[in-house]
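Residue-level structural notes
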Amino acid sequence: MRKALVVIDMQNDFIDGALGSPQAQAIVPNVVEKIKAYQKSGDAIIFTRDTHQQNYLQTQEGQNLPVPHCIEGTPGWHIADAIASSVHLPSCPIFDKGGFGSLELAQYLRQENYDEIELVGLVSSICVISNALLIKAHLPETKILVDAACTAGVTDEDYTASLCVMKMCHIHLLNA
């Protein structure tokens, strides 16, 4: 069985930077353990990285979320050290994305023909759900999972709502 772990936006700005939260900080050890488990079993590990430019505040997202974050090349844009040090990052595919979800990621996963794809990372109610739904749309017969212990929302309410929506769309929830 071919399996892949997709680590969504585990970047400094989402953990302890501009949009960081105690909930995001709390999942870091869980994500590290998940990465180690996938490495041990020899399964694929893929990353996404939220990537914005200096004109972020002039974009539609910037007008709706006026907090500059993940500006390419800044410390907040980088994958957190705890995550990056748990894997040989240069050997992993990384999908830079300027929006919530990555069509390129979904197309790549379809091309690679994985039997099971698990998502972890941040933020559950924005980028995790967007990518999970894009992947499900591209791969309707592939088992898609999200580990609730390895994701966090902006608020408890949006975290719970995002898990509910993903479950209704036949995305399997672990540790929920």
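Now for a look at the structure at hand. These numbers come from a predicted model, not from an experiment.

A short note on the sheet that holds strand E6 (residues 172-174)
Across the sheet, six strands lie side by side as E3-E2-E1-E4-E5-E6; this open sheet has parallel pairing. With one partner strand each, in any of the chains shown, strand E3 (94-97) and E6 form the two edges of the open sheet. Between one strand and the next, the sheet's axes are offset by a mean angle of 25°, whatever the strand orientation. The strands touched by helix H2 (residues 22-41) within the sheet are strand E1 (3-8), strand E2 (44-50), strand E4 (116-122), strand E5 (143-152) and E6, with E5 carrying the most contacts at an inclination of about 140°. The strands touched by helix H7 (residues 156-168) are E5 and E6; relative to E5, the strand with the most contacts, the crossing angle is about 170°.

Considering the packing of helix H5 (residues 103-112) against helix H6 (residues 124-138)
One way to put it is that H5 packs onto H6 with a least axis distance of 9 Å and a crossing angle of 40°. Comparing their axes, H6 and H5 come out oblique. As H5 packs across H6, the resulting crossing turns out to be right-handed. Counted together, Leu 103, Leu 105, Ala 106, Gln 107, Leu 109 and Arg 110 of H5 and Asn 131, Leu 134, Ile 135 and His 138 of H6 form the full contact between these two elements. Classifying every residue of the contact of H5 with H6 gives six nonpolar, three polar and one charged.

Looking at the packing of H6 against H7
Interhelical geometry of H6 versus H7 gives an angle of 10° and a closest axis separation of 9 Å. Put simply, H6 runs roughly parallel to H7. The handedness of the crossing between H6 and H7 comes out as right-handed. Of the residues in H7, those in contact with Ser 124, Ser 125, Val 128, Ile 129 and Ala 132 of H6 are Asp 158, Tyr 159, Ser 162, Val 165 and Met 166. When grouped by side-chain class, the residues that make up the contact of H6 with H7 number six nonpolar, three polar and one charged.

Description of the packing of aromatic side chains
Inspection of the entire model under this criterion finds one aromatic pair. Here the aromatic rings of Phe 95 and Tyr 108 are separated by 5.3 Å at their centres, their planes lie at 55°, and the arrangement is tilted. Residue Phe 95 is found in strand E3, and its partner Tyr 108 is found in helix H5; the two are separated by 13 residues along the sequence. Note on Phe 95: relative accessible area 14%, which makes it buried. Between Arg 2 and the ring centre of Tyr 114, over which it is positioned, the NZ or CZ distance is 4.5 Å. Sitting above the plane of the Tyr 38 ring, Lys 3 keeps its charged end 5.4 Å from the centroid.

The rules behind these values
- Residues numbered from 1 in each chain as written.
- Predicted model: local features only at pLDDT ≥ 70, side-chain atom pairs only at ≥ 80, totals over all residues.
- Heavy atoms only, no water.
- Pairing = 2+ DSSP bridges.
- Helix = DSSP H or I, 4+ residues; strand = E, 2+ residues; numbered from the N terminus.
- Axes fitted to C-alpha atoms, helices over the stretch in contact; angles between N-to-C directions.
- Contact = heavy atoms within 4.5 Å.
- Parallel < 35°, antiparallel > 145°, perpendicular 65-115°, else oblique.
- Left-handed = near helix turned anticlockwise from the far one by under 90°.
- Nonpolar A, V, L, I, M, F, W, Y, C, P; charged D, E, K, R; others polar.
- Phe/Tyr/Trp six-rings, centres within 6.5 Å; stacked < 30°, edge-to-face > 60°.
- Buried < 20%, exposed > 50% of the residue type's maximum accessible area, 1.4 Å probe, protein only.
- Lys NZ or Arg CZ within 6 Å of the ring centre and 35° of its normal.

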